[in-house]
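Working through the structure, step by step
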Amino acid sequence: MPQEAILEMKGIEIQFPGVKALDKVDFTLNKGEIHALLGENGAGKSTLIKCLTGVHHMDAGKILLDGEEIVPTSPQDAIKMGISTVFQEVNLCQNLSVAENIFVGRQPMKRHQIDWKELNRRAAALMSRFHLDIDVTRPLSYYSTAIQQMVSIARAVDIQAKILILDEPTSSLDENEVQLLFEVMRELKADGMGIIFITHFLDQVFAVSDRLTILRNGHLIGTFQASEISKLELVTQMIGKDMDVIFNLKRAEVADDAPYTLTASRIGAPGVISSVSLNLKKGELMGFAGLLGSGRTETAEMFFGIGHPTTGEITMDGQPVSFREPCDAIAKRIAFCPEDRKRDGIIGDLSIRENIMLAVQARKGFMHPMSHQEQSELAEKYIKLLGIATPNAEKKVGELSGGNQQKVILARWMATDPEVLILDEPTRGIDVGAKAEIQRLMLEMCGEGVSVIFISSELDEIIRCSNRIVVMRDREKVGEVDGESCTQQTILNIIAGGAKEGEEAV
């Protein structure tokens, strides 16, 4: 039985200076359907969604909602039409309560005043629909990212959205939170809502989607039933190359007698991590595996002066070191690419050039400013080396795709000529092709003698790239395995409560 289309986008074209962002793209969303929109960074996904939500205006094409042509002129205009978006970065007011965020601009009134009792009652009832029993009078900032995203979805549902756009909603969620979100998505689908699901997690595409549409370089590659396409076929269509070619990576080789660049001897801090020891060799890529909250990031931050061990010792090249702040670590040629590139990495309003030169300038000291020409030469070198997609070095970083933003942060730290490079989730939220490029860069740097610590939630890429893998659980190091002979099952067994380091595996 044919489904009823709630949304039809036909022949969409958009031209930006020097590039055709979308070229005759068609997209159809049915009522009661979860439809994944896929493609590499820069494929045109965001541009298509911005057409639908009134951010960009089309050069050609038309949009039909319930068979009637619409021309959204702004996101607010789109919301009034029943098109609501939940972004990867929660776009709500952290200082307002959960209830206020849900009903802001639509508060129930009584005698010309906000009816707070009714507002809180309705908010609690709405959140219970999403299987959340929380205090809706607390500030939104009190709750986790997962709950904040549920609040965003609850607001969209309450304003009678016909179409819900979920833009990378799972990038900061753990497995249980992802399953809760999927359960809510299925309930909304059963109610007849059309859901557009944008994600880079391909397993999730197949877990929840009915159909999927693939874009590449602004062109429509095709629309497929999720049940009729394999993951390998999907990746090949997205990239335009065979998956084996993309991931044909050669693991870094490390000599048995290679010197230790960085060592940690039983470092710890109360409530942060407990007694972690490791030895990182010159030119080695050491992976950190473990669940969110296992202590991976906290351990890495102690090597960069963000966290401070109260017990144990850190040495570099055999000499004890103590970092009061990141500048001390930078001076010792340690570089750190943080997990949250939006919050801790890029400065969106600055240019690519300005973002790349920040760490080099910090190392030189601000009494010795780099000239504009030096900055430009540095930026151009790394734009070319990393293949950053931009017309020039003066483009604002905030206007780049996620994968290109990640490359700018990597360029910033590569420019410091580091001895130790710490990468915390460098491939999160970016497409398969960009992931492969960053993994290849890591391995090339190892080949040049740089020691790399690589933190990732994706076990396949940890295993593919690492010489050794440190496994964390409950803020402790509970295992260390050889990357070459390791399997996902080995790591999962340790994470799930197998033997701790030094104990016999069960």
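The structure presented is a predicted model; accordingly, all values stated were derived computationally and were not measured.

Along its length, the protein carries 18 helices and 22 strands. In summary, the protein has a C-alpha radius of gyration of 24 Å against a globular reference of 23 Å for 506 residues, a match within 12%. Expressed along its principal axes, the backbone C-alpha trace of the protein runs to roughly 70 × 50 × 50 Å. Each of the 506 residues in the protein was classed as buried or not, and the buried ones make up 53%. Across the protein, every contact between residues at least 6 apart in sequence was considered, and the portion connecting residues at least 24 apart equals 66%. Element-wise, carbon and sulfur atoms account for 48% of the exposed surface of the protein, whose accessible area totals about 23100 Å². Averaging the positions of the 54 positive and the 72 negative side-chain charges in the protein gives two centres separated by 4 Å.

A few words now on the pattern of salt bridges. Across all of its chains, the model carries 24 salt bridges by this definition. With a closest N to O distance of 3.1 Å, D66 and K162 form a salt bridge. Residue D66 is located in the loop between β4 (60-65) and β5 (68-70), and its partner K162 is located in the loop between α5 (145-158) and β9 (163-167); the two are separated by 96 residues in the primary sequence. In this structure D66 comes out as partly exposed when scored by relative accessible area, which is 34%. A salt bridge links D191 to R129; the shortest N-O distance between them is 2.5 Å. Here D191 is found in the loop between α6 (175-190) and β10 (194-198), whereas its partner R129 is found in helix α4 (residues 116-129), with 62 residues between them in sequence. Through salt bridges that share partners, E4, K31, D66 and K162 make up one connected network.

Looking now at α6. Because an α-helix packs 3.6 residues into every turn, residues spaced three or four apart end up facing the same way. Its 16 residues place the ends of α6 23 Å apart at the C-alpha level, agreeing with the 22 Å of an ideal helix rising 1.5 Å per residue. Taken together, the buried positions of α6 are V178, L181, F182, V184, M185 and L188. With its buried residues spanning 165° around the axis, α6 presents them on a single face. Looking at α6, the residues exposed on the side facing more than 90 degrees away from the buried face are E175, N176 and A190.

Okay, the sheet that holds β4 next. As summarised here, the arrangement of the four strands in space is β2-β1-β4-β5, forming an open sheet in which the pairing is antiparallel. This sheet does not close on itself; its edge strands, each paired only once, are β2 (19-30) and β5. Taking each pair of neighbouring strands and ignoring which way they run, the sheet shows an average axis angle of 25°. Pairing of strand β1 (residues 5-16) with β4 involves five bridges; the strand directions are antiparallel. Within β4, the position partnered with E8 by the bridge is L64. Strands in contact with helix α1 (residues 45-52) are β1, β2 and β4; relative to β1, the strand with the most contacts, it is inclined by about 115°.

With that settled, the discussion passes to the pairing of strand β11 (residues 211-216). A large share of β11 lies buried, amounting to five of its six residues. Where strand β3 (residues 34-38) and β11 come together, four bridges link them in parallel fashion. Each residue of the ladder has a partner; that of L37, found in β11, is T213. Here six bridges tie β11 to strand β12 (residues 219-225), and the two strands are oriented antiparallel to one another. Each residue of the ladder has a partner; that of I214, found in β12, is G222. Hairpin connection from β11 to β12: two residues lie between these consecutive antiparallel strands, with N217 at a positive phi of about 55°.

Attention now goes to the sheet that holds β12. Ordered by their spatial adjacency, six strands build an open sheet running β6-β9-β10-β3-β11-β12, and the pairing between neighbours is mixed. Among the strands making up the open sheet, the edge pair consists of β6 (83-86) and β12. Put simply, the sheet's adjacent strands are angled 20° from each other on average, direction ignored. Here four bridges tie β6 to β9, and the two strands are oriented parallel to one another. Each residue of the ladder has a partner; that of I83, found in β9, is I163. Where helix α8 (residues 231-239) meets the sheet, its contacts fall on β3, β11 and β12, and the angle it forms with β11 comes to roughly 30°.

Attention shifts here to the environment of E228. Residue placement: E228 occurs in the loop between β12 and α8. Assessed through its relative accessible area of 64%, E228 is described here as exposed. Sequence spacing of E228 and E339 is 111 residues, and the spatial spacing of their C-alpha atoms is 35 Å.

What follows concerns α5. Taking 1.5 Å of rise per residue, the 14 residues of α5 would be expected to cover 20 Å, and the 20 Å separating its terminal C-alpha atoms lies within 8% of that figure. Of all 14 residues that make up α5, 11 are buried, and the element is covered over most of its length. Taken together, the buried residues of α5 touch β6, α3 (98-103), α4, β9 and α6. Looking at the residues trailing α5, positive phi occurs at Q160, about 65°.

The next subject is the confidence of the model for the protein. Any region with low pLDDT has predicted coordinates that should not be read closely. Averaged over all residues, the pLDDT of the protein equals 86, while 94% of them reach at least 70. Looking across the protein, the model is least confident in helix α9 (residues 243-246), with a mean pLDDT of 54, and most confident in strand β16 (residues 311-316), with 96.

With that out of the way, let us pick up the environment of H372. Tracing the backbone through its elements, the reader meets H372 in helix α14 (residues 372-386). What makes H372 partly exposed here is its relative accessible area of 49%. C-alpha separation for the pair H372 and R353, spaced 19 residues apart in sequence, amounts to 9.3 Å. Among all residues touching H372, those that are not within four sequence positions of it are R353 and E394.

Contact geometry of helix α13 (residues 352-364) with helix α15 (residues 402-414) gives a least axis separation of 6 Å together with a crossing angle of 40°. Between α13 and α15, the angle is such that the two are oblique. As for how α13 packs across α15, the hand of that crossing is right-handed. Contact with α13, carried on its side by I352, N355, I356, L358 and A359, involves V408, A411, R412 and W413 of α15 and no other residues of that element. Considered class by class, the residues forming the contact of α13 with α15 number seven nonpolar, one polar and one charged.

Each value, and the rule that gives it
- Numbering of residues begins from 1 in every chain and follows the order in which that chain's sequence is written.
- Only residues with pLDDT of at least 70 are given local features in this predicted model, and only at 80 or more are side-chain atom pairs given and counted; all residues enter the totals for whole chains, interfaces and linings.
- Note that water and hydrogens are dropped before the side-chain values are worked out from all heavy atoms of the structure.
- Think of it this way: any DSSP run of H or I at least four residues long counts as a helix, any run of E at least two long counts as a strand, and we number them from the N terminus.
- In this treatment the radius of gyration is a C-alpha quantity, and the globule benchmark scales as 2.2 Å times the residue count to the 0.38 power.
- Burial here depends on accessible area, computed with a 1.4 Å probe over protein chains only, as a share of the maximum for the residue type. Under 20% is buried, over 50% is exposed, and the range in between is partly exposed.
- Contacts are residue-level and defined by heavy atoms, with any inter-residue pair within 4.5 Å sufficient.
- In this description, accessible areas are obtained by the Shrake-Rupley approach with a 1.4 Å probe, and a residue is regarded as covered only by the protein chains that are shown.
- Positive charge is attributed to Lys and Arg, negative charge to Asp and Glu, and no charge count is given to His or to the chain ends.
- Where a charge lies is defined by one atom per residue type, namely NZ (Lys), CZ (Arg), CG (Asp) and CD (Glu).
- When a carboxyl oxygen of Asp or Glu is within 4 Å of a side-chain nitrogen of Lys or Arg, the pair counts as a salt bridge.
- By this rule, a helix spans an expected 1.5 Å times one less than how many residues it contains.
- Note: the arc covers the axis-to-C-beta directions of the helix.
- We treat two strands as partners when DSSP finds at least two bridges between them.
- Orientation is described by axes fitted as lines to C-alpha atoms, over the contacting stretch for helices, and by angles from 0 to 180 degrees between their N-to-C directions.
- Note: pLDDT gives the predictor's confidence per residue, expressed from 0 to 100.
- These descriptions rest on fixed angle ranges, namely under 35 degrees for roughly parallel, over 145 for roughly antiparallel, 65 to 115 for roughly perpendicular, and the rest for oblique.
- Take the far helix as your reference; a near helix turned counterclockwise from it by less than a right angle gives a left-handed crossing, and one turned clockwise gives a right-handed crossing.
- Each residue gets one label: Ala, Val, Leu, Ile, Met, Phe, Trp, Tyr, Cys and Pro are nonpolar, Asp, Glu, Lys and Arg are charged, and the others, such as Gly, are polar.

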